[in-house]
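Summary of the model geometry
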Amino acid sequence: MSIEHPTHSTRTSLPERRNKWAAAGAGAAVGLLGGMIGLGGAEFRLPLLIGLFGFLALEAVILNKAMSLLVVATALPARLVAVPLEQLTPHWPIIVNLLTGSLLGAYLGATWATRMRNRTLHRVLAILLILIAAALLVTHLGRVQPAELQGPLQTITGVAAGAGIGVVAALMGVAGGELLIPTIVLLYGADIKIAGSLSLAVSLPTMLVAFARYSQDKSFAVLRHNRAFLLAMAIGSVAGTAAGGALLDVVPTEVLVPLLAVLLVISARKVWQHG
């Protein structure tokens, strides 16, 4: 099922809109937005891939996943400088617990995405964008308190939470940090800086599983056909994320986060209409 695009008289043609400079600029913009609140910006990049650059839903998800992998792989070394490995190793059970669920969730999410009709996937993505907006508000403006679960109940809850996050991350092509970080703080009582690094350790293998599953679908060819676009947008995203990180807390969280949440809701509406 194809999406109808505006005619050339009202909007620039798709090949022109998909040039590498437009891709780099869009990547830098979303990276900057995400970096200012400590995220990679993939949740903002997905609506642009669909609405601005005219990719079909599954193609946009696959492109977003590829760029998310590059951004996370780039962020990991820098994160290890900020939070050394010896501070993370005592928390390896958290990684194992969440990965047990997230790897399965990522595979299932990618499988479902490849089997959905384009219209249905648009609807699902719109709903998930609203979910991410709510998560941003709760995480950055609310107070996430540890649930104080212990033993088998904590383990089972961790696996279930990991599975849900894996599904969402696979369906949207994101790393899932916006859901992983509050989950780690809530379930395990970890410090927010530790939680940020642990989320990368969970999200990287989770994304690789989803990426491997997507590679079996014919839509995976979008990466080959748009290599220059992909590389330009990924470079822009990495640069924007770094710049946003340097501007962390420059704009008050109480102002920035609600604006980003509204932006996600508006994006969700446009993605829904695209379907």
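Conventions we followed
- Position numbers for residues start from 1 in each chain and track the written sequence from start to end.
- It should be noted that, the model being predicted, local features are given only for residues of pLDDT at least 70 and side-chain atom pairs only at 80 or more, the latter also being counted only at that level, while totals for whole chains, interfaces and linings use all residues.
- Heavy atoms throughout the structure, all of them, feed into the side-chain values; hydrogens and water do not.
- Residue types Ala, Val, Leu, Ile, Met, Phe, Trp, Tyr and Cys, when buried and joined through side-chain atoms within 4.5 Å, form a set referred to as a nonpolar core.
- To sort residues, take the accessible area from a 1.4 Å probe on protein chains only and compare it with the maximum for the residue type: under 20% means buried, over 50% means exposed, and anything in between is partly exposed.
- In this description, contact between two residues means that some pair of their heavy atoms is separated by no more than 4.5 Å.
- For patches, a residue must show more than 30% relative accessible area and have no salt bridge; joins then use 9 Å for like charges and 5 Å for nonpolar side chains, namely Val, Leu, Ile, Met, Phe, Trp and Tyr.
- A 1.4 Å probe and the Shrake-Rupley method give the accessible areas. Residues count as covered only by the protein chains that appear here.
- The term salt bridge refers to a pairing of a side-chain nitrogen on Lys or Arg with a carboxyl oxygen on Asp or Glu at a separation within 4 Å.
- Note on conventions: DSSP H or I runs of at least 4 residues are helices, E runs of at least 2 residues are strands, and numbering of each starts at the N terminus.
- UniProt positions are given in the numbering used here, feature names are shortened, and annotations may be inferred rather than shown by experiment.
- What pLDDT reports is the predictor's confidence in each residue, on a scale of 0 through 100.
- To estimate how far a helix should extend, the number of its residues minus one is multiplied by 1.5 Å.
- Bending is quantified residue by residue as the angle between axes fitted to the seven-residue window ending at that residue and the seven-residue window starting at it.
- Note on aromatic pairs: the rings of Phe, Tyr and Trp (six-membered ring only in Trp) are paired at centre separations within 6.5 Å, and the planes decide the class, stacked below 30 degrees, edge-to-face beyond 60, tilted for the rest.
- The rule for a charge over a ring is simple: NZ of Lys or CZ of Arg within 6 Å of the ring centre, and within 35 degrees of the ring normal.
- Lines fitted to C-alpha atoms define the axes here, with helix axes fitted over just the stretch in contact, and angles between the N-to-C directions of these axes take values from 0 to 180 degrees.
- Note on angle classes: values under 35 degrees are labelled roughly parallel, values over 145 roughly antiparallel, values of 65 to 115 roughly perpendicular, and the remainder oblique.
- Two helices that cross are described as forming a left-handed crossing if the nearer one is turned anticlockwise from the farther one by less than a right angle, and a right-handed crossing if clockwise.
- Each residue gets one label: Ala, Val, Leu, Ile, Met, Phe, Trp, Tyr, Cys and Pro are nonpolar, Asp, Glu, Lys and Arg are charged, and the others, such as Gly, are polar.

One finds L49, L125 and M172 to be the most contacted residues of the largest nonpolar core, which totals 75 residues. With sequence-adjacent residues up to four places away left out, M172 is seen in contact with L46, V61, N64, L125, L128, L129 and I132.

So, about a nonpolar patch on the surface. A surface patch of nonpolar side chains, amounting to about 390 Å² of accessible area, comprises L104, Y107, L108 and W112. Among the secondary structure elements, Y107 is positioned in helix 6 (residues 92-115).

In this numbering, the UniProt entry assigns the feature "transmembrane region" (unreviewed entry) to residues 21-38, 44-62, 91-112, 124-142, 162-188, 195-216, 228-248 and 255-272. Helix makes up 83% of residues 21-38 and strand 0%, whereas the separation of the span's terminal C-alpha atoms amounts to 25 Å. Segment residues 162-188 splits into 85% helix and 0% strand. End C-alpha atoms: 13 Å apart.

Of the residues in the protein, 94% have a pLDDT of 70 or more, and the chain-wide mean is 89. Mean pLDDT per element in the protein: helix 1 (residues 14-17) is the minimum at 70, and helix 6 is the maximum at 97. Overall, residues 1-11 carries pLDDT values under 50, and its contacts beyond four positions in sequence, including any with other chains, amount to 20 contacts.

This brings us to helix 4 (residues 57-82). If you check helix 4, its first and last C-alpha atoms are 36 Å apart, about what 26 residues at 1.5 Å a residue would give, namely 38 Å. In the structure, helix 4 departs most strongly from a straight axis at L76, where the bend amounts to approximately 30° and where the proline P77 lies between one and four residues downstream.

Among the secondary structure elements, S203 is positioned in helix 10 (residues 192-214). Taking the relative accessible area as the measure of exposure, S203 reaches 2% and is therefore buried. Excluding its chain neighbours within four sequence positions, the residues that come into contact with S203 are V72, A175 and L180.

In this section: unusual backbone geometry. Although it is not a glycine, E148 adopts a positive phi angle of roughly 60°. Note on placement: E148 falls in the loop between helix 7 (118-141) and helix 8 (151-172).

A word on the packing of aromatic side chains. Applying the stated rule across the entire model yields 3 aromatic pairs. Seen from their ring centres, F53 and F229 are 5.0 Å apart, and the 80° between their planes marks the pair as edge-to-face. Residue F53 is located in the loop between helix 3 (42-51) and helix 4, and its partner F229 is located in helix 12 (residues 227-246); the two are separated by 176 residues in the primary sequence. Arranged with centres 5.2 Å apart and planes meeting at 65°, the rings of F211 and F220 form a pair that is edge-to-face. Taken together, the ring pairs in this structure connect F53, F55 and F229 into an aromatic cluster. Seen from the ring of F55, R18 lies directly overhead, with NZ or CZ sitting 3.8 Å from the centre. Just above the ring of Y107 sits the side chain of R213; from NZ or CZ to the centre is 5.8 Å.

Attention now goes to helix 9 (residues 177-188). Between its terminal C-alpha atoms helix 9 stretches 16 Å, which fits the 16 Å expected from 12 residues at 1.5 Å a residue. Within the span of helix 9, buried status applies to G177, E178, L179, L180, I181, P182, T183, I184, V185, L187 and Y188. Those residues of helix 9 that are buried lie in contact with helix 3, helix 6, helix 7, helix 8 and helix 10. Positioned one or two residues after helix 9, G189 has a phi angle of 65°, which is positive.

A few words on the packing of helix 6 against helix 8. The geometry of a pair of packed helices is captured by two quantities: the angle between their axes and the separation between those axes. As a packed pair, helix 6 and helix 8 sit with axes 6 Å apart at the nearest point and diverge in direction by 30°. The orientation of helix 6 relative to helix 8 falls into the category roughly parallel. Helix-helix and strand crossings are classified by hand; for helix 6 and helix 8 the assignment is right-handed. Here helix 6 contributes N97, L98, T100, G101, S102, G105, A106, G109, A110, W112 and A113 to the contact with helix 8, which in turn contributes Q154, T155, G158, V159, G162, A163, G166, V167, A170 and L171. Among the residues forming the contact of helix 6 with helix 8, the class breakdown is 10 nonpolar, 11 polar and no charged.

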